[in-house]
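Each chain, letter by letter, is given below.
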Amino acid sequence: SEYTQYVDIDCSNRYFTKEEVQDLCSTFLNASDQFLVYALFHGIYGKNYSEIINMKESQIADDYSYIILSDGTKFECDEFLKEILEDTVNECYYYSYTLDSMRSQDVIEYNTSSDYVIKVMPTKRNNQGLNPITTHSIQRRLIRLSEISEVVFSGTTLIRSGIIYKMYQMEKDLGVHWSYSKVEKYLKANKIKNSVEQIYKSYYNKYHKSNVGNN
């Protein structure tokens, strides 16, 4: 809780830069929580979070440099993701949070025989921890992480943050000017299912402090 006072996250906007997401992740006790949030920011999710839910350790490179996604895509990991991915794979315990802080309340021991990257608390209902985490559990965890970090975010805003951050990098590095039609073409070309209007407005609000750009 003392550490979070010094984390530089702009809460005036519900969308985040890569650096802000990294700062947010660094406040969490568990590597799997960090991986969940950072993966969503990088567009790893699938329908109802299926890409994360069903991700197995066998999909990850030995040096954690890449992940083979379910459709065969090779996702290259940056240094931050490599580190938290390695910690997540080797995580044996999950530290739950108290109602009002980042301090640990309970410690849950995982079944390390699980093949999944994100493991679950062993119970009879989930085959003693060998089954994958559920969509509902992912949603509950995101809500809890938002509450204890006091930073408002959701799966949707993390995903959208990643999209508009990539757009910003393309503007900065390649000089791309994002008109509404270019945003529409970009989303379609990259098979990104998201609202063109929301992405367009969110982008200009976050990176240019305005509601719209020039069509």
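The structure under discussion appears in the preceding block.
Throughout, residues of each chain are indexed from 1 in the direction in which the sequence is written. Two thresholds apply to this predicted model, a pLDDT of at least 70 for residue-level local features and 80 or more for giving and counting side-chain atom pairs, whereas whole-chain, interface and lining totals are computed over all residues. Side-chain metrics rest on all non-hydrogen atoms present in the structure, leaving aside hydrogens and water.

**Some details on the packing of helix α7 (residues 180-189) against helix α8 (residues 196-207)**
For step 1, the next point in the chain: Axes here mean lines fitted to C-alpha atoms, for a helix over just the part in contact, with angles spanning 0 to 180 degrees between N-to-C directions. Here a strand is any run of E in DSSP of at least two residues, a helix any run of H or I of at least four, and the numbering for each starts at the N terminus. The N-to-C vectors of α7 and α8 enclose an angle of 120 degrees; their axes lie 9 Å apart at closest approach. For the element pair α7 / α8, the angle class is oblique. When the axes of α7 and α8 are compared, the crossing they make is right-handed. Contacts between α7 and α8 involve Tyr 180, Val 183, Glu 184 and Leu 187 from the former and Val 196, Glu 197, Ile 199 and Tyr 200 from the latter.
For step 2, the next point in the chain: Of the residues belonging to the contact of α7 with α8, the class tally is 6 nonpolar, no polar and 2 charged. In these notes the angle categories are as follows: under 35 degrees is roughly parallel, over 145 is roughly antiparallel, 65 to 115 is roughly perpendicular, and the rest is oblique. For any helix crossing, the convention is left-handed if the near helix is rotated counterclockwise from the far helix by under a right angle, and right-handed if that rotation is clockwise. Contacts are residue-level and defined by heavy atoms, with any inter-residue pair within 4.5 Å sufficient. For this classification, the nonpolar set comprises Ala, Val, Leu, Ile, Met, Phe, Trp, Tyr, Cys and Pro, the charged set comprises Asp, Glu, Lys and Arg, and every other residue, Gly included, is treated as polar.

**Side note on helix α1 (residues 18-25)**
For step 1, the next point in the chain: Between buried and exposed lies partly exposed: a residue is buried under 20% and exposed over 50% of the maximum accessible area for its type, with that area taken using a 1.4 Å probe on protein chains only. Among the residues of α1, Glu 20, Val 21, Leu 24 and Cys 25 are the ones counted as buried. In a view along the axis of α1, the buried residues occupy a sector of 140 degrees, so they form one face of it.
For step 2, the next point in the chain: Tucked inside the fold, the buried residues of α1 contact α2 (31-41), α4 (79-89), α5 (135-149) and α8. Note that the arc is computed from the directions linking the helix axis to the C-beta atoms.

**Some points on the pattern of salt bridges**
For step 1, the next point in the chain: When a carboxyl oxygen of Asp or Glu is within 4 Å of a side-chain nitrogen of Lys or Arg, the pair counts as a salt bridge. The full count for this structure, using the stated rule, is 7 salt bridges.
For step 2, the next point in the chain: Residues Glu 57 and Lys 119 are paired through a salt bridge, measuring 2.9 Å at the closest nitrogen-oxygen approach. Of this pair, Glu 57 sits in the loop between α3 (50-53) and β1 (66-68) while Lys 119 sits in the loop between β4 (104-109) and α5, and the two are 62 residues apart along the sequence.
For step 3, the next point in the chain: Relative accessible area serves as the criterion here: at 29%, Glu 57 is assigned to the partly exposed category.
For step 4, the next point in the chain: One salt bridge in this structure joins Glu 147 and Arg 144, with 3.4 Å as the shortest N-O distance. Pair noted here: Glu 147 and Arg 144 are both in helix α5, with a separation of 3 residues, about one helical turn.
For step 5, the next point in the chain: Classification of Arg 144 as partly exposed rests on a relative accessible area of 22%.

**Section: the nonpolar core**
For step 1, the next point in the chain: We call a set of buried residues a nonpolar core when its members are Ala, Val, Leu, Ile, Met, Phe, Trp, Tyr or Cys and they connect through side-chain atoms within 4.5 Å of each other. Within the largest apolar cluster, 59 residues are counted, with the highest numbers of intra-cluster contacts made by Phe 35, Val 37, Ile 67, Leu 142, Phe 153 and Met 167.
For step 2, the next point in the chain: Ranked by residues supplied to this core, first place goes to α2 with 7 residues.
For step 3, the next point in the chain: Among all residues touching Ile 67, those that are not within four sequence positions of it are Phe 35, Ile 44, Met 55, Gln 59, Ile 60, Thr 73, Lys 74, Phe 75, Cys 77 and Leu 85.

**Remarks on the side chain of His 42**
For step 1, the next point in the chain: Take His 42: it is sitting in the loop between α2 and α3.
For step 2, the next point in the chain: The class of His 42 is buried, set by a relative accessible area of 15%.
For step 3, the next point in the chain: Leave out the neighbours within four places in its chain, and His 42 touches Phe 75, Asp 78 and Lys 166.

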